[in-house]
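# Understanding the architecture of this molecule
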Amino acid sequence: MEFELSEEQRMIRTEVRRLCDEFGDEYWRERDRRHEYPAAFHETFADHGWFGLTVPEEYGGQGYGVQEASIVQQEIARSGAAMAGTSLTAHHTFSTEPLVVYGDEAHKERYLPRIAAGDAQVCTGVTEPNAGTDTSRIETYARRDGEEYVVDGQKIWTSKAGQADLMMLLARTTPREDADRFGGMTLFFTDFDRGMDGIDVSEIPKAGRGASPSYEVWFDGFRLPAEDRIGEEGDGFRYLLQFANAERVSIAACAVGIGQAAVEKAADYAADRVVFDAPIGSYQAVQHPLADSWAKLEQDELMVRKAAWLYDRDEDCGAEANAAKLRASEDSIEACERAVRAHGGMGYAKEYDVERYWRETMINVIAPISNEMAKNYIGQHVLDLPKSY
């Protein structure tokens, strides 16, 4: 493993930073305040081809791996966009992977070029209110009816469902009692619009990511073509599990970026703010927590790089991906809290942005799985301890 980024990866980082410089903290602060979708940011990144980052070149994408995708996610988060910006690119990057690997040629031709060109936004329908972390208990059901499936049920925490053109959907096709724990669920990649027959969408008010809305989605007799099924019926959840580590790496990269942004903001403020005739950054009570967070986030970034390196080499990275997600998310929250404290009362003011970073990075300890589940993985698969659930 090389610890230094390749020349091409450094060019990616430089270009993403350049684009993000057009959308600083003020832009994201206003989008958050207004709960307004960042259309200009979306258009800029689409125009420069970043929504096709991991889409194969034969479908109009760039064909990069998780390492490059994590660099992009980290830089967007670090720019002040935090999770609101990274959620735009994450779904285009990672929700397409099951289609790339398991979709048939016609299926890929229908959707991947649109995604790579930035002409179609993707949302993911997996989480349900009565299932939570135990995906085996999802209740949304897709019943085969000739050349179509008829879908009934509910999804929750579906980011961008109000803006999406496409959805990756996981639904039951066999009752739970008639299937093994990971079977009986089928994956679809299909056209989706909140105005389509059989779909109802409602936004969920939440603490952070005001510029990246989350929704509940209800399906009531929603029809989708059978040709939009990914792979074999009943194997959808198994397909998804193969890409779980990529999602954990992505979340970890975002968390590192937000934490770094917070530390940089706090250091700049602490260097300028004078109290008792000296910059507050000279006081160890302010300086040392920021130094500690910087060190932790540097370590976290190295774990992200290792996990992504293993993933792109098709090597087992479950331990590394879960460890990166666990530590980066916790260290990011700590860094953001320390940044708020370093700003004193102004840390609580929206104009200094660190409170927004703090609100936005909180999601990373909860999603896509909780840190408790990441610890369970490490305990059971690394330390060989018994399972408790």
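Going by the structure above, here's the rest.
The structure reproduced in this document is the subject of the present report. (Residues numbered from 1 in each chain as written. Predicted model: local features only at pLDDT ≥ 70, side-chain atom pairs only at ≥ 80, totals over all residues. Heavy atoms only, no water.)

## Focus on the pattern of salt bridges
Scanning the model with the defined rule gives 36 salt bridges in all. Close ionic contact of Arg359 with Asp32 constitutes a salt bridge, the shortest N to O distance being 3.0 Å. Here Arg359 is found in helix 11 (residues 354-361), whereas its partner Asp32 is found in helix 2 (residues 25-34), with 327 residues between them in sequence. In this structure Asp32 comes out as buried when scored by relative accessible area, which is 10%. For Lys155, the salt bridge is made with Glu128, and the minimal N-O distance between the two is 2.8 Å. Placement of the pair is Lys155 in strand 3 (residues 148-159) and Glu128 in the loop between strand 1 (122-125) and strand 2 (141-145), with a sequence separation of 27 residues. Each member of the pair, Lys155 together with Glu128, is buried. Within this structure, Arg13, Arg17, Glu75, Glu301 and Arg305 form a network of salt bridges that share partners. (Salt bridge = Lys/Arg side-chain N within 4 Å of Asp/Glu carboxyl O. Helix = DSSP H or I, 4+ residues; strand = E, 2+ residues; numbered from the N terminus. Buried < 20%, exposed > 50% of the residue type's maximum accessible area, 1.4 Å probe, protein only.)

## Details of the packing of helix 8 (residues 244-272) against helix 11
Where helix 8 contacts helix 11, the two axes come as close as 10 Å, and the packing angle between them is 160°. Considering their axes alone, helix 8 and helix 11 lie roughly antiparallel with respect to each other. Of the two elements, helix 8 crosses helix 11, and the hand of that crossing is left-handed. In this structure, helix 8 contributes Ala255, Ile258, Ala261, Ala262 and Lys265 to the contact, and helix 11 contributes Val354, Tyr357 and Thr361. (Axes fitted to C-alpha atoms, helices over the stretch in contact; angles between N-to-C directions. Parallel < 35°, antiparallel > 145°, perpendicular 65-115°, else oblique. Left-handed = near helix turned anticlockwise from the far one by under 90°. Contact = heavy atoms within 4.5 Å.)

## Some points on a negative patch on the surface
A cluster of like negative charges, contributed by Glu57, Glu58, Asp104, Glu105 and Glu109, occupies part of the molecular surface. Looking at where Glu105 falls in the secondary structure, it is placed in helix 6 (residues 105-116). When its relative accessible area of 43% is taken as the criterion, Glu105 is described as partly exposed. (Patch = residues over 30% accessible without salt bridge, like charges linked within 9 Å, V, L, I, M, F, W, Y side chains within 5 Å. Areas by Shrake-Rupley, 256 points an atom, 1.4 Å probe, with all protein chains shown as cover. Lys, Arg positive; Asp, Glu negative; His and termini not counted. Charge placed at Lys NZ, Arg CZ, Asp CG, Glu CD.)

## A closer look at the pairing of strand 2
The side chains of a regular strand alternate between the sheet's two faces. One ladder, built from 5 bridges, connects strand 2 with strand 3; its direction is antiparallel. Across the sheet, residue Arg143 finds its bridge partner in strand 3, namely Val150. (Pairing = 2+ DSSP bridges.)

## Remarks on a nonpolar patch on the surface
Taken together, the side chains of Val382, Leu383 and Leu385 define a hydrophobic patch exposed on the protein surface, amounting to about 280 Å² of accessible area. With respect to the helices and strands, the residue Leu385 is situated in the segment after helix 12 (371-382).

## A short note on helix 1 (residues 7-20)
Along its 14 residues, helix 1 runs 20 Å from first to last C-alpha, staying within 8% of the 20 Å computed at 1.5 Å per residue. All of the buried residues in helix 1 are Gln9, Ile12, Arg13, Val16, Leu19 and Cys20. Summarising the axial view, the buried residues of helix 1 lie within an arc of 130°, below the 170-degree limit, and thus occupy one face. Helix 1 presents Glu7, Met11 and Thr14 as exposed residues on the side facing more than 90 degrees away from its buried surface. (Expected span 1.5 Å × (residues − 1). Arc of directions from axis to C-beta.)

## Notes on the state of the cysteines
As enumerated under the stated definition, the model contains 0 disulfides in all. Residue Cys20 stays outside any disulfide, its sulfur separated by 12 Å from that of Cys254, the closest cysteine. Cys317 takes part in no disulfide bond, and the closest cysteine sulfur, belonging to Cys254, lies 16 Å away. Residue Cys317 is classed as buried on the basis of its relative accessible area of 2%. (Disulfide = S-S within 2.5 Å.)

## Brief notes about helix 3 (residues 39-47)
Within helix 3, the full set of buried residues consists of Phe41, His42, Thr44, Phe45 and Ala46. Just past helix 3, the residue Gly49 takes up positive phi, approximately 80°.

## Section: the side chain of Thr158
When you line up the elements, Thr158 lands in strand 3. The class for Thr158 is buried, based on a relative accessible area of 0%. With residues up to four places along the chain from it excluded, the contact list for Thr158 reads Cys123, Thr124, Gly125, Met167, Pro213, Ser214, Tyr215 and Val217.

## As for the packing of helix 8 against helix 9 (residues 284-312)
The geometry of helix 8 relative to helix 9 is characterised by a closest axis approach of 9 Å and an angle of 155° between their N-to-C directions. Classified by the angle between their axes, helix 8 and helix 9 sit roughly antiparallel to one another. The crossing of helix 8 and helix 9 is left-handed. Side by side, helix 8 and helix 9 meet where Asn245, Ala246, Val249, Ala252, Ala253, Val256, Gly259, Gln260, Val263, Ala266, Ala267 and Ala270 of the first sit next to Val286, Leu290, Ser293, Trp294, Leu297, Glu298, Asp300, Glu301, Val304, Ala307, Ala308 and Tyr311 of the second. Here the contact of helix 8 with helix 9 is built from residues that sort into 17 nonpolar, 4 polar and 3 charged. (Nonpolar A, V, L, I, M, F, W, Y, C, P; charged D, E, K, R; others polar.)

## Details of the pairing of strand 4 (residues 166-172)
Taken across its 7 residues, strand 4 has 7 buried, putting it largely inside the fold. Residues of strand 4 alternate between two faces, with Leu166, Met168, Leu170 and Arg172 on one and Met167, Leu169 and Ala171 on the opposite face, all of them buried. One ladder, built from 4 bridges, connects strand 1 with strand 4; its direction is parallel. Paired with Cys123 across the bridge in strand 4 is Met167. Here strand 4 pairs with strand 5 (residues 185-191) via 7 bridges, running antiparallel.

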